[in-house]
Every structure is written in C-alpha cells, then in structure tokens.
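Below are the chains, spelled out letter by letter.
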Amino acid sequence: MRTIPHWINGAPVLGSDLIDVTNPATDQPIATVPMADTDTVAAAITAASDAFDGWSETALSRRAQVLFRFRDLLQENRSELAALITEEHGKTLDDAAGEISRAADSIELACGGPALVRGGTSLQTGPNIDTKSVLHPLGVCVGITPFNFPAMMGMMMVSVALASGNTFIWKPSEQDPGVCIRIAELFKEAGLPDGVLNVVHGRQDTVEHLIDDPQTEAVAFVGSSKVAQIVYSRAAAAGKRVQAFGGAKNHMIVMPDADLDVVADQLTSACFGAAGQRCMAISVAVVVGETTEPLLAKLTTRAEQVRLGAGGDDGTEVGPVINRQSQERIQAAVKEAIAGGARAVVDRSSEVVPGYESGYFIGPTVLTDVEVSSAAYQEELFGPILVVMRVDSLNDGLELIKNHRYGNGASIFTRDGAAANEFERRASAGMIGVNVAIPVPVAAYAVQGWKDSAYGDTGLNNASWSFYTRPKYVTSRWDSVAGTDFGFRPN
C-alpha cells in the first residue's frame, strides 16, 4: 500500500500514527495516511507564515499566471484525479470527473484576481482631500474540507485565498486525502512558491491546533452542523475570521402542474446520485395536492432500476457510502422511520451488491407517511433516502421549509410563474432552484446556506473575496495647511 504524505513547504512529509484509507466498495485498505502531531502542524504553520510576505507582495498578474497554469494542469490530469476520488470516496468516475470540472470553475474565477482584488478612490471628499480603499490579504488561512467533495470544496477555498495573496493550510478529510496531495503537487508544477499551499492530515486535535495558533488569521470549514458550530465558536473566540458550513435537508416542492416524469427523473438524480452524499442533494419531496401516488409510482420504477456497484465499474450509477458507520447509521434511521409508521415505497437500504458483499452500499429508498418529528425527516442522513410528503398548498410547503433547522437549498418544479416567484421570494434557504433540482450556482456567484447550514462570514466562491481580504481606508491631503482647529467639522 502507498502512504499518502503531508505536504509542507513544497515537499511531501511522512509521519507516524498511520491510519488506513479504505475503498468503500470493498472494505479493503488501499493506502495509509499519517495523523499530524504537534511538530508537523507547527511546521506547516511556519512554512505558510514564512511564505506570506513573498507571496502577498507578488504581482497580481503573476499570481493569476500560476492559477491559469494550475487550471490547465487540473484539466489535463482530470482522469487521474477522478480515479483517485473514486477509489477513496466511492463515487462514479463520471461524477468524480464532474467534481474536477467544478473545481476548475473555482480556479477560473480566481484567475480574475487582478480585476477583483481592488479597492476604489474618491477625489475631493473634502477640501483638497482624497479618500481611497485598498484590499490587503489576511495572512495564513486554514481550510477544513469534507470527504464528499475532496477536490471541489478545497478549490473553492484555496482559489480565492491564494489569488488574494494569502498562504494556506489545507486539512482534508482523512477518508479520501489522496487527491488533495496530488493537487498540491500540481500547484508546485504550476509554479506556486514553496510554503504557499500546505496540506496536513489529522483529527480533532490537529484542527484545534490550527485554529488556536496565533499565526493563523482565518478558518473555513465544511462538514456537519454539529462540528461547524464548534469550529465557529472556537475560531471566533480566538479572534479569527471564520466561515463554517454545516448540514442540509433540502426540500423540493412539486406543484400540481409539474411534469411528473421530469420531476421523477430529477428526484432520482438529485437524491440518489453520489449515494446521497451531496450537501445539495434533495432528500425531501413536498407534493402539493393529489399527485403524490402517481409520483410515487414513477419514483418506484426509477428507484428499483438504479444500478449499484463500485464507482469504477462500467454501468454503475450509484456507488457506496463512505464508511461502515455511515451505512449502519442510515440503515438504523430507515428502520426507525418504518417502525414509527412510515411506509417504505422502495427499501433497498440493506441491499448487498454481488461481488462487493463487504462494501458500504445503501440502495435507493423512498419513504412516505413520515412523521415530521422523525430523524428521517429532521436529520441529514447523507444517503440515498428520499422522504415524500404531501401538503395541501404551496404555503404549507413553504412553512415546512421555514420550520426546518437547515436552510442550504430548496427547489420548486412548476409551470406557474406566479408560484415560482412566490417560492423564490419566500423559501428560507440560501440557494434556490426553479425547475432545477440542485441549484448550486456557478463560481461567479456564491455557495451560501441559511440557518443551521452556515455560521460566520460570507459564502464560498465569489463571496470569498471579502472573506480573504481586509480593507484599508486612506485619506490624504497634499496642500499646505497652517493653523490649528480644535473643532470636529464635516468635510
């Protein structure tokens, strides 16, 4: 087995306290990865701190050139990077390749740094007085990314942070870290100076060290809401700038005029794709009116036909979930919902895949008559489990979304412009889809949740320019001014 190293000051660094990286389709270890000790974390922080002055003073155009070259390398090596993700995460090769393309979108956004990292100037804000604003990088920034999008989430953070002149320490998930080290190697190949991007692997103590160290200035996190709250509280208490994104329970409202075949297709893709391990997966369908049973019939056909298997196998549509603990937790939630009165329209949650009997597979499952209080509705299961609920009106559906603790995304399917407009205006979520099941905006906009889906400052991608810079305001006057004036007067 290979050992996946840390990446510090432009070079791989081995370590002790090795844990296994497991292929979730086979339950077999495929690599080992070291958990960082105190000295390793300190070395990464020192490398990033030492590199900051040189990188922050590098011309914006030069930074953009490095990012452009990296963008090209990312696309040239897309198949290799996708294969790494599939082997360690389990998602299909096609899905993993799509993740690399979305990562490249974030890099392309950052390539526009020379036009975007700028302030402004106002002349004659007072008698012979000019005022300008300029944007400065923060310093050493930290990014903590989840297992479900190991490349894309990292690039959403790293891209703008580097373009703004910061240095970065990336703490990826220890469950699929291989692609992150390969990305660091490609950055070096693109010409990124040593120490500007560092990668360390670790557990809770590693994250705490990165947050607490006085040399780190900002912390970005994506993961569960429970951990997001902890990261936000600790980082804020340490005086750090922090954005922490948590869980989701994304609803899709289905209006009576919607095309049910289109809706069934979109729900099948949006709920079951990547085994439901997307923070923007649709996990609740809210059907308005009397079309619940017809929709369930169409969903049944589609859910029963989804092909499970290893992500690298031809014909696989849905791979495994990330680990045994996730598999068992999801299965327990399904059983609890059924015991509480839910009806399992389709239940493939305990399906065993021939040839992969030890894999962590959860098949597409459709539940209805689910109690609002049940874990199947309230919690982010992060699996291919769809809850279908019936309501009498659009307003009732909007109230469900409003009353849920999460507010990451929400969608509506309808032909009625007035209904779509009302939904767009009233839905309590940060990302809204109208006849779009997974409404993740392009990088030129932002990824942003509401309520318990996000804590702290701004969103990712284009909203990150303000997160990774701080403004300075300069007021200047160059004419000769004589005499004293003890009044505080307007300009």
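Note: the structure precedes this text.
Reading the values: rules and limits
- Residues numbered from 1 in each chain as written.
- Predicted model: local features only at pLDDT ≥ 70, side-chain atom pairs only at ≥ 80, totals over all residues.
- Heavy atoms only, no water.
- Salt bridge = Lys/Arg side-chain N within 4 Å of Asp/Glu carboxyl O.
- Buried < 20%, exposed > 50% of the residue type's maximum accessible area, 1.4 Å probe, protein only.
- Helix = DSSP H or I, 4+ residues; strand = E, 2+ residues; numbered from the N terminus.
- 1 Å grid on protein atoms, 1.4 Å probe; cavity = no way out; pocket = protein on both sides within 12 Å on 5 of 7 lines; lining within 4 Å.
- Points joined across faces, edges and corners; volume = space filled by probe spheres on them.
- Nonpolar A, V, L, I, M, F, W, Y, C, P; charged D, E, K, R; others polar.
- Pairing = 2+ DSSP bridges.
- Axes fitted to C-alpha atoms, helices over the stretch in contact; angles between N-to-C directions.
- Polar contact = N/O pair within 3.5 Å; in protein donor to acceptor, adjacent residues only side chain to side chain.

**Student:** Residues and numbers for the pattern of salt bridges, please.
**Tutor:** This model, assessed by the stated rule, comprises 29 salt bridges. Measuring nitrogen to oxygen at the nearest pair gives 2.8 Å for the salt bridge that ties Arg71 to Asp72. You can call Arg71 buried: its relative accessible area is 18%. The shortest N-O distance in the salt bridge between Arg405 and Glu379 comes to 4.0 Å. Of this pair, Arg405 sits in the loop between helix H14 (394–403) and strand E18 (406–407) while Glu379 sits in the loop between helix H13 (375–378) and strand E17 (385–391), and the two are 26 residues apart along the sequence. Residue classification places Glu379 among the partly exposed positions, given a relative accessible area of 36%.

**Student:** Which residues make up empty space enclosed by the protein, and what are the values?
**Tutor:** By the definition in use, this model includes three cavities of 30 Å³ or more. Approximately 100 Å³ is the volume attributed to the largest cavity. Within the lining of the largest cavity, the residues separate by chemical class into eight nonpolar, four polar and three charged. In this structure, the second largest cavity spans a volume of roughly 70 Å³. As for the second largest cavity, its lining consists of Met153, Val222, Phe245, Gly246, Cys279, Asn408, Val447, Gly449, Ser453 and Leu460.

**Student:** Lay out the layout of surface pockets in plain terms, naming residues and giving numbers.
**Tutor:** Here the largest pocket is characterised by a volume of approximately 1100 Å³. Residue lining of the largest pocket: 41 residues in total, with Phe221, Gly223, Ser224, Ser225 and Val227 positioned closest to the centre. For the lining of the largest pocket, the secondary-structure elements that each account for two or more residues are helix H8 (204–212), strand E11 (216–222), helix H9 (225–237) and helix H12 (324–339). No other element matches H9, which puts six residues into the lining of the largest pocket. Each pocket or cavity is described by its volume, and for the second largest pocket that value is around 490 Å³. Lining the second largest pocket are 28 residues, and of these Asp95, Glu99, Phe149, Ala274 and Arg278 sit closest to its centre. Mapped onto the lining of the second largest pocket, the elements with two or more residues apiece are helix H4 (93–110) and helix H6 (152–163). It is H4 that contributes the most residues to the lining of the second largest pocket, six residues altogether. Residues that form the lining of the second largest pocket fall into these classes: 12 nonpolar, seven polar and nine charged.

**Student:** Which residues make up the sheet that holds strand E7 (residues 129–137), and what values go with them?
**Tutor:** Spatial ordering of the open sheet is given by E6-E7-E25, a layout of three strands whose pairing is antiparallel. Two strands lie at the open edges of the sheet, namely strand E6 (120–126) and strand E25 (469–477), each paired on one side alone. Neighbour-to-neighbour, the strand axes of this sheet turn through a mean angle of 25°, independent of strand direction. In terms of strand pairing, E7 meets E25 through nine bridges, oriented antiparallel. The partner of His136 across the bridge, within E25, is Arg470.

**Student:** Describe the side chain of Arg71, listing the residues and the values that go with them.
**Tutor:** Residue position: Arg71 is located in helix H2 (residues 60–76). A polar atom in the side chain of Arg71 sits 3.1 Å from the side chain of Glu108.

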